[in-house]
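Residues per chain are reported as follows:
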Amino acid sequence: MNNIMLLGLGAGAGIVLLAIVVLQIRHLTAGRPSALFDLTWKVLLYAMPALGVLGVLALYLARNWNLLTLSVYLVAAMIAGPLAYLWFGRREHREVGLDGRAFKPLVGLFLTGFAFSVLLLSGPGPRPYLYYAVIAIIATLLMLQIVLFDRRQRSARIVLLEIAMLALNIIWGMNLKDFYYIGRTDILAHAWYVENLLRYGAVTPVFGDYQPFPLWHILSGALYMITGTSSPVWDVMYFAIGLIYALIPLGIYLIVLKVTREQRIALLSALFTSFSPFFTLLGSEAMPRSVGTALAILLLLFLLDSKSRLKFALALFLTLGIIVFHTVGIVYVLIILFIAYLVQVTCTRDKESSFLSLKYFVIAVAMIAAYWALFAQPLVDKLIFSINNIGPG
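(A) The arrangement of the overall build of the protein in detail. Within the protein one finds 17 helices and 0 strands. Classification of the 393 residues of the protein by burial places 37% in the buried group. Long-range contacts, defined here as pairs at least 24 residues apart, represent 71% of the contacts in the protein between residues at least 6 apart. Element-wise, carbon and sulfur atoms account for 72% of the exposed surface of the protein, whose accessible area totals about 23,400 Å².

Structure, rendered in structure tokens:
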């Protein structure tokens with residue numbers, strides 16, 4: 001109980017300090033709506049490279065070689081991104097484009113490279129290095145289709161279809177090539193849950209912590225029965241999650257297009273999503289969390305237009321979907337959205353431009369509390385036990 005009180009006091013103090021900072025910043029920037037935005041991006045622009053260098057230095061002094069190696073991916077972007085912006089932002093830009101007739105040959109080259117990559121995947125043994133080279137080439141061809149042609153010369157639908165094909169190629173190339181792709185071994189348990197469900201026709205205690213949210217396993221079992229396939233259960237799960245994740249770049253495209261109103265940026269965002277490590281990792285493992293992530297993308301899309309009652313209702317329905325598919329994952333989603341809400345309240349004075357409201361958070365938290373109270377009491381007990389046993393060790 002003492003740990004819970006300390007945790008609550010710490011959170012309360014943090015909220016009070018944050019409120020003081022927000023009020024002070026709003027006072028300093030009163031009458032200048034863009035001043036806070038300008039201050040924020042300038043601080044981030046110059047602070048990110050410094051923080052990246054300090055982070056590497058701290059890990060080196062701590063001799064944590066594992067984290068130091070992993071941090072290179074993040075630190076390189078933290079340093080190169082702001083420097084590239086400062087360098088290119090001061091130069092005059094000139095539109096570069098090719099004749100629209102060159103778009104179709106690039107599509108043809110993409111399809112040829114895609115077919116060759118599938119041929120490489122059909123061979124025995126692990127994926128050869130040539131496969132990765134071909135994937136890099138066809139991804140580059142996609143980027144050229146986006147960058148070198150304006151919206152009158154290219155078709156966004158064709159590009160999005162190619163991006164979905166690329167995502168499927170990478171994901172199914174990981175989990176369907178071998179007899180049993182185990183990823184980070186989570187699929188071993190989840191496939192066993194589905195097999196147990198098919199054998200007994202009910203969610204049994206063997207589901208353990210997943211007993212309160214077995215919807216992904218139920219859907220996988222239903223799909224296995226509908227198809228009547230003789231393939232292993234995990235192959236059906238991999239097939240389903242691949243189709244789901246092939247649609248995520250489309251969701252990213254619609255979100256970025258709504259925010260930036262720039263089709264080229266939206267298409268590039270969809271393309272980079274299709275081969276990002278986090279996307280391919282979750283898309284290859286066929287876990288409840290994988291489905292929860294896909295639903296979170298749709299949730300954000302509907303929240304961006306939540307002033308429509310229908311879209312707001314659909315956002316609440318998707319929130320319920322995430323709770324049912326991965327009841328712990330919704331907590332992280334709400335934390336991220338609440339941080340965005342705080343930034344929105346701090347930086348935006350035009351209420352018409354906001355897309356989040358306290359009403360959504362109140363309803364979402366009530367939905368979580370009701371579901372946990374009715375169906376996930378063991379999970380709540382474990383959470384309370386973990387908080388009570390927080391210690392320095």
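(B) Structural context of the environment of Ala 58. Along the chain, Ala 58 falls in helix α2 (residues 35-61). Given a relative accessible area of 44%, Ala 58 falls into the partly exposed group.

(C) Here's a closer look at the packing of aromatic side chains. Under the counting rule described, the total for this entry stands at 19 aromatic pairs. Ring plane angle 45° and centroid distance 5.2 Å describe the contact between Tyr 245 and Phe 279, whose orientation is recorded as tilted. Of this pair, Tyr 245 sits in helix α9 (residues 233-246) while Phe 279 sits in helix α12 (residues 277-285), placing them 34 residues apart in sequence. Accessibility expressed as a relative area gives 1% for Tyr 245, which makes it buried. Since its relative accessible area comes to 5%, Phe 279 is described here as buried. Among the aromatic side chains, those forming a connected cluster through ring pairs are Trp 192, Tyr 193, Phe 207, Tyr 210 and Phe 213.

(D) Representation of the nonpolar core within the structure. Counting 85 residues, the largest nonpolar core has Leu 166, Trp 216, Met 237, Tyr 245, Leu 299 and Tyr 360 as the members making the most contacts within it. Here this core takes 9 residues from helix α6 (residues 156-175), the largest share from any one element. Each residue touching Met 237, except ones within four places of it in the same chain, is listed here: Ile 187, His 190, Ala 191, Val 194, Trp 216, Ser 220 and Ala 286.

(E) Inspection of the pattern of salt bridges at higher detail. This structure, assessed with the given rule, holds 2 salt bridges. Between Arg 184 and Glu 285 there is a salt bridge, and its shortest N-O distance comes to 2.9 Å. Of this pair, Arg 184 sits in the loop between α6 and α7 (186-200) while Glu 285 sits in helix α12, and the two are 101 residues apart along the sequence. Notably, a salt bridge pairs Asp 305 with Lys 311, separated by 3.0 Å at the nearest N-O pair. Take Lys 311: its relative accessible area is 26%, and that puts it in the partly exposed class.

Rules used throughout
Counting restarts for each chain, with residues numbered from 1 along the sequence as it is written. Whole-chain, interface and lining totals are the exception, using all residues; otherwise, since this is a predicted model, local features are given only for residues with pLDDT of at least 70 and side-chain atom pairs are given and counted only at 80 or more. Working from all heavy atoms in the structure, the side-chain values ignore hydrogens and water. The secondary structure listing takes helices from DSSP runs of H or I that are at least 4 residues long and strands from runs of E that are at least 2 residues long, numbered from the N terminus. Type-normalised accessible area, obtained with a 1.4 Å probe on protein chains alone, sets the label of each residue: buried when under 20%, exposed when over 50%, and partly exposed for intermediate values. Note on definitions: a residue-residue contact is assigned when non-hydrogen atoms from the two residues lie within 4.5 Å. Under the convention used here, a 1.4 Å probe and the Shrake-Rupley method define accessible areas, while residue burial counts only the protein chains that appear. Paired rings are identified among Phe, Tyr and Trp, the last through its six-membered ring, by centres lying within 6.5 Å, and are further divided according to the angle between planes into stacked (under 30 degrees), edge-to-face (over 60) and tilted (the rest). By nonpolar core is meant a set of buried Ala, Val, Leu, Ile, Met, Phe, Trp, Tyr and Cys residues that side-chain atoms within 4.5 Å join together. Just to be clear on terms, a salt bridge is a Lys or Arg side-chain nitrogen sitting within 4 Å of an Asp or Glu carboxyl oxygen.

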